[in-house]
Amino acid sequence: MRYDSITEAIGNTPLVRIDPAVHGLRHIDLYAKLEMLNPFGSVKDRAAWNMARPGLADAAERGATVVELSSGNTAKALALLAGMHGLRFKSVTNRMRVPEIKELLLLLGAEIEELPGQSECLDPTDTEDPLTRFHQALAGDGSAYLHTDQYFNPRNTEAHAAGTGPEIVKDLDGRAPDWFIACVGTAGSSTGVARALREQDPGVRVVGLVAHKSDFIPGIRTIDEVHQVGLFDPATYDTMESVTADEAIDGMLTLIRRCGLLAGPTGGAAYHGAVRHLRAMDAQLAASGTADRRTAVFIVCDRAESYLSYVRQRRPELLGRPPRKNSTRALTDAEVQAEAQVVNTDDALRWIADGQPRPLVIDLRGPRAYTALHIDGSVNIVDELFDELVRGGLPFSKRQPVLLACPVGEKSARYAALLTRMGHPDVRSLSGGIVAWRDAGAPLVRD
Ligand SMILES: Cc1ncc(COP(=O)(O)O)c(C=O)c1O
């Protein structure tokens, strides 16, 4: 293999069969499409190159900076592509939550602008969201930016409709698989691959995977966030299912330790989601007595190495550290619902005004979102730090009443349930979080 440019090495990734002794499916052959073997390290290499390519020459002439709303793989690929073309790259984000990735982006020469905002993808109707304002500025005439616009750019999807999907069909000897399972971030890869597979066989069933409601899996959305993505069309998926961060890590461990695949968390999530979904299908095939074999394909988006701190935080015992105690992750949704005291905005306003003693209001959001708008008198303890304090020692006594606030009231409910369990008699969670507080017109201040 001899190339004039590393971009020629994008695509044509291997399709590798998972040993049935590992997944246990008896009638279904399960294959992993190894997008992690793209040259910049992920499935996003294809989209980044396809989106940036048409504008690079003009951008070089204008001295424009390549810009994208991304905190991960798209930013990584674009930083490298920009560098190759003598351009600067700027990553704009509000969710730079994995430190290794931030450091890697800086190493690649990227400029990182961290903005407050509710979600990295835009809600164009929310004119107050700084990300939306930034997006509007980019669309203005004479912009000094080449904005690749991954959440809305059809060239993101097309990269996979023209490349990833047809490659899968070719490697399956001209046939589409019976099932295709993929995690959903911008929805570009799942939508593009699904389109190509359905052109081959309209009967392909497509499973879209998202992170469980209150969980974070870097690179993909939760079911609530996914509807804000411009490229997301619910009709693409026969079913949408969610995966917890723990399940993603379990899947990642299986791929690494049993299959020789150095997959990251979304590869693990895709494996876990695929096997869970297919187990029921496999049982139906067994009951029908058919001798036919079926085929399923899932995507491994990127590699494990960038996620050591993510794993350390959630499963320290895997990295030789003591296991976590007092963890919200050990609580089931039903336990949170049963044990968390939850207050709506009106009751919270009354409690803050009249409480004897007054509750301490703790805002669990990131510092930038807090700086932009917060409840007057609240203190900011970022979720990750609060998590450490719960285990290491909280800066308030059990007698102190506490109101916890997070973006939408999910994380705060988990902490309220956990602290109640730990013997704090009056810790409450703000229902609907700061978003509900803002929507109710309750006062917020800016620093
Ligand atoms: C690690 C990882 N997995 C999965 C995805 C999902 O891909 P898509 O954006 O095509 O939906 C992404 C996207 O950023 C990602 O970074």
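Heads up: these notes are all about the structure in this document. Just so it is clear, the structure is predicted and the values come from calculations on it, not from any experiment. (Residues numbered from 1 in each chain as written. Predicted model: local features only at pLDDT ≥ 70, side-chain atom pairs only at ≥ 80, totals over all residues. Heavy atoms only, no water.)

Further remarks concern the pattern of salt bridges. Overall, the coordinates contain 26 salt bridges when judged by the stated rule. In this structure, the salt-bridge partner of aspartate 347 is arginine 350, at a minimum N-O distance of 2.6 Å. Taken together, the positions of aspartate 347 and arginine 350, both in helix 13 (residues 345–354) and 3 residues apart, correspond to about one turn of that helix. In this structure, aspartate 426 engages arginine 428 in a salt bridge whose closest nitrogen and oxygen atoms are separated by 2.8 Å. Bridged by salt links that share partners, the residues Lys33, Glu35, Arg46 and Glu167 form one connected network. (Salt bridge = Lys/Arg side-chain N within 4 Å of Asp/Glu carboxyl O. Helix = DSSP H or I, 4+ residues; strand = E, 2+ residues; numbered from the N terminus.)

Moving on, we get to the nonpolar core. Counting residues in hydrophobic clusters, the biggest one holds 60 residues, and the most contacted among them are Ile18, Leu30, Ile181, Ile217, Leu278 and Phe298. Taken domain by domain, this core gets at least three of its residues from each of domain 1 (6–39 + 155–319) and domain 2 (44–150). Leave out the neighbours within four places in its chain, and isoleucine 18 touches His23, Leu30, Ala32, Leu255, Cys259, Leu261, Tyr271 and Phe298. Formed by 32 residues, the second largest nonpolar core is a distinct cluster that contains Leu15, Leu69, Leu197 and Val206. (Core = buried A, V, L, I, M, F, W, Y, C linked by side-chain atoms within 4.5 Å. Buried < 20%, exposed > 50% of the residue type's maximum accessible area, 1.4 Å probe, protein only. Domains from an automatic or database assignment. Contact = heavy atoms within 4.5 Å.)

Moving on, we come to helix 15 (residues 383–392). Among all positions of helix 15, only Asp383, Phe386, Asp387 and Val390 are buried. When helix 15 is viewed along its axis, its buried side chains cluster within an angular range of 105° and face the same direction. The inward-facing, buried residues of helix 15 abut strand 12 (360–363), strand 14 (402–405) and helix 16 (410–421). Taken from the residues just after helix 15, glycine 393 is the one with a positive phi, measuring 135°. (Arc of directions from axis to C-beta.)

With that settled, the discussion passes to the site of the ligand. In the region of the ligand, 16 residues are neighbours, and Lys44, Gly185, Thr186, Ser189 and Thr266 sit closest. Serine 189 places a polar side-chain atom, nitrogen or oxygen, 2.7 Å from an oxygen atom of the ligand. Protein contacts shield 95% of the accessible area of the ligand, which totals 380 Å² for the unbound molecule. Classifying every residue of the shell around the ligand by side-chain character gives 7 nonpolar, 7 polar and 2 charged. (Near = heavy atom within 4 Å. Polar contact = N/O pair within 3.5 Å; in protein donor to acceptor, adjacent residues only side chain to side chain. Areas by Shrake-Rupley, 256 points an atom, 1.4 Å probe, with all protein chains shown as cover. Nonpolar A, V, L, I, M, F, W, Y, C, P; charged D, E, K, R; others polar.)

Another aspect to go through is helix 10 (residues 265–288). The terminal C-alpha atoms of helix 10 lie 35 Å apart, and with 24 residues this matches the ideal 34 Å at 1.5 Å per residue to within 8%. Of the residues flanking the end of helix 10, it is glycine 289, one or two places downstream, whose phi is positive at about 75°. (Expected span 1.5 Å × (residues − 1).)

Turning our eyes to something else, we now look at the packing of helix 15 against helix 16. In the contact formed by helix 15 and helix 16, the axes pass within 12 Å of each other and the chain directions differ by 10°. It follows from the interaxial angle that helix 15 and helix 16 lie roughly parallel. Facing Asp383, Phe386, Asp387 and Val390 of helix 15, the residues of helix 16 in contact are Lys411, Tyr415, Leu418 and Leu419. The residue inventory of the contact of helix 15 with helix 16, partitioned by class, reads 5 nonpolar, no polar and 3 charged. (Axes fitted to C-alpha atoms, helices over the stretch in contact; angles between N-to-C directions. Parallel < 35°, antiparallel > 145°, perpendicular 65-115°, else oblique.)

What follows covers the pairing of strand 14. Every second residue of strand 14 is oriented toward a common face, with Val402 and Leu404 on one face and Leu403 and Ala405 on the other, all of them buried. Bridge count between strand 12 and strand 14: 4 bridges; the pairing is parallel. Counted as the bridge partner of aspartate 363 is alanine 405 from strand 14. Pairing of strand 14 with strand 15 (residues 427–430), which is carried by 3 bridges, proceeds in the parallel orientation. Looking across to strand 15, one finds that valine 402 is bridged to valine 427. Since strand 14 and strand 15 lie parallel, the crossover through helix 16 that links them has a hand, and here it is right-handed. (Pairing = 2+ DSSP bridges. Right-handed = clockwise from strand over helix to strand, strands pointing away.)

A separate point is unusual backbone geometry. The omega angle of the peptide bond from glutamine 356 to proline 357 is 0°, so this bond is cis rather than trans. Examined against the element boundaries, proline 357 turns out to sit in the loop between helix 13 and strand 12. Backbone geometry places asparagine 12, a non-glycine residue, at a positive phi of 50°. Tracing the chain through its elements places asparagine 12 in the segment before strand 1 (15–17). For asparagine 12, a relative accessible area of 64% corresponds to the exposed category. Its identity is not glycine, yet alanine 187 carries a phi of approximately 80°, on the positive side. Judged by relative accessible area, alanine 187 falls into the buried class, the value being 2%.

On their own, these measurements won't tell you what the molecule is for.
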